[in-house]
Amino acid sequence: MAKQSFESLDLIIFALMLSISVGIGIFFGCFRKKPKTTRYLLVADRNMGSFPVSMSLFASFMSGASILGGPFDTYYNDIMFCWSIAGVCICSIITNKVFLPLFIEQGYTSAYQYLEKRFSRKVKLMATFAFIFNTILYLAFVLYGPALA
């Protein structure tokens, strides 16, 4: 098996991508002065467009497991994978019509804030620990799967 490594064009593209990312961070962090309130940092003063929000959510859910697992599942189980996409669409509509208006109306920035106000601090902590446990398990699979490919 031949040894794979970066070639000069790969290194140039990689350096360019990192330079653009660092440049954006420096520009918005140092030169563009905005109020540093919690509301601005967490929800962008609630005036960000739907396109950047949706692209951010899309990018955060993409992983090596998604890229490798989607085609694999479709190949072995035919198009049953489409049912999970339908489920995500239905869940997104329900979230958009039921939960988001409630959160916006009450001024909440997270589901944990809602859980604490609606129930108690114990419920919020249980949900937090459940999320952390779930995320640790998820990251184990997401990082290990592409390492095997």
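Residues numbered from 1 in each chain as written. Predicted model: local features only at pLDDT ≥ 70, side-chain atom pairs only at ≥ 80, totals over all residues. Heavy atoms only, no water.

In the nomenclature of an unreviewed UniProt entry, the chain corresponds to Sodium-coupled monocarboxylate transporter 2-like from the organism Brachionus plicatilis. Its UniProt record gives the chain a comment under Subcellular location (unreviewed entry), which states: "Cell membrane". (UniProt positions renumbered as here; feature names shortened; annotations may be inferred.)

**Observations concerning the side chain of K124**
Position of K124 relative to the elements: it lies in helix 7 (residues 121–148). Using a relative accessible area of 18% as the deciding quantity, one classes K124 as buried. If we skip the residues at most four places from it in the chain, K124 touches Y112, L115 and E116. (Helix = DSSP H or I, 4+ residues; strand = E, 2+ residues; numbered from the N terminus. Buried < 20%, exposed > 50% of the residue type's maximum accessible area, 1.4 Å probe, protein only. Contact = heavy atoms within 4.5 Å.)

**A look at the domain arrangement of the chain**
For the chain, the domain assignment lists domain 1 (1–33) and domain 2 (48–148). Placing the centre of domain 1 and that of domain 2 at their C-alpha centroids yields a distance of 28 Å. (Domains from an automatic or database assignment.)

**Let's talk about the packing of helix 6 (residues 111–118) against helix 7**
With their axes 7 Å apart at the nearest point, helix 6 and helix 7 run at an angle of 150° to one another. Viewed along their axes, helix 6 and helix 7 adopt a mutual orientation that is roughly antiparallel. Contacts from Y112, L115 and E116 of helix 6 reach helix 7 at R121, V123, K124, A127, T128 and F131. In terms of residue class, the contact of helix 6 with helix 7 is made up of five nonpolar, one polar and three charged. (Axes fitted to C-alpha atoms, helices over the stretch in contact; angles between N-to-C directions. Parallel < 35°, antiparallel > 145°, perpendicular 65-115°, else oblique. Nonpolar A, V, L, I, M, F, W, Y, C, P; charged D, E, K, R; others polar.)

**Some points on the packing of helix 4 (residues 64–77) against helix 7**
One can describe the packing of helix 4 onto helix 7 by two numbers: an axis separation of 8 Å at closest approach and a directional angle of 65°. Crossing of helix 4 over helix 7 shows left-handed handedness. Of helix 7, the residues touching helix 4 (which contributes G64, A65 and L68) are V142, G145 and P146. The residue inventory of the contact of helix 4 with helix 7, partitioned by class, reads four nonpolar, two polar and no charged. (Left-handed = near helix turned anticlockwise from the far one by under 90°.)

**Considering the UniProt feature "transmembrane region" (unreviewed entry) in the chain**
In the numbering used here, UniProt assigns the feature "transmembrane region" (unreviewed entry) to residues 12–31, 51–72, 78–104 and 125–144. Regarding residues 12–31, the helix share stands at 100% and the strand share at 0%, and the terminal C-alpha atoms are separated by 27 Å. Taken end to end, residues 125–144 is 100% helix and 0% strand, and its two terminal C-alpha atoms sit 28 Å from one another.

**Details of the state of the cysteines**
Using the criterion set out here, one finds zero disulfides in the structure. Cysteine C82 shares no disulfide, and the gap to the nearest cysteine sulfur, in C89, comes to 10 Å. Just so you know, C89 is unpaired, no disulfide at all, and the nearest cysteine sulfur is the one on C91, 10.0 Å from it. (Disulfide = S-S within 2.5 Å.)

**Let's talk about the pattern of salt bridges**
Scanning the entire structure with this criterion turns up two salt bridges. Residue E116 is joined to K124 by a salt bridge in which the shortest nitrogen-to-oxygen separation is 3.3 Å. Since its relative accessible area comes to 31%, E116 is described here as partly exposed. (Salt bridge = Lys/Arg side-chain N within 4 Å of Asp/Glu carboxyl O.)

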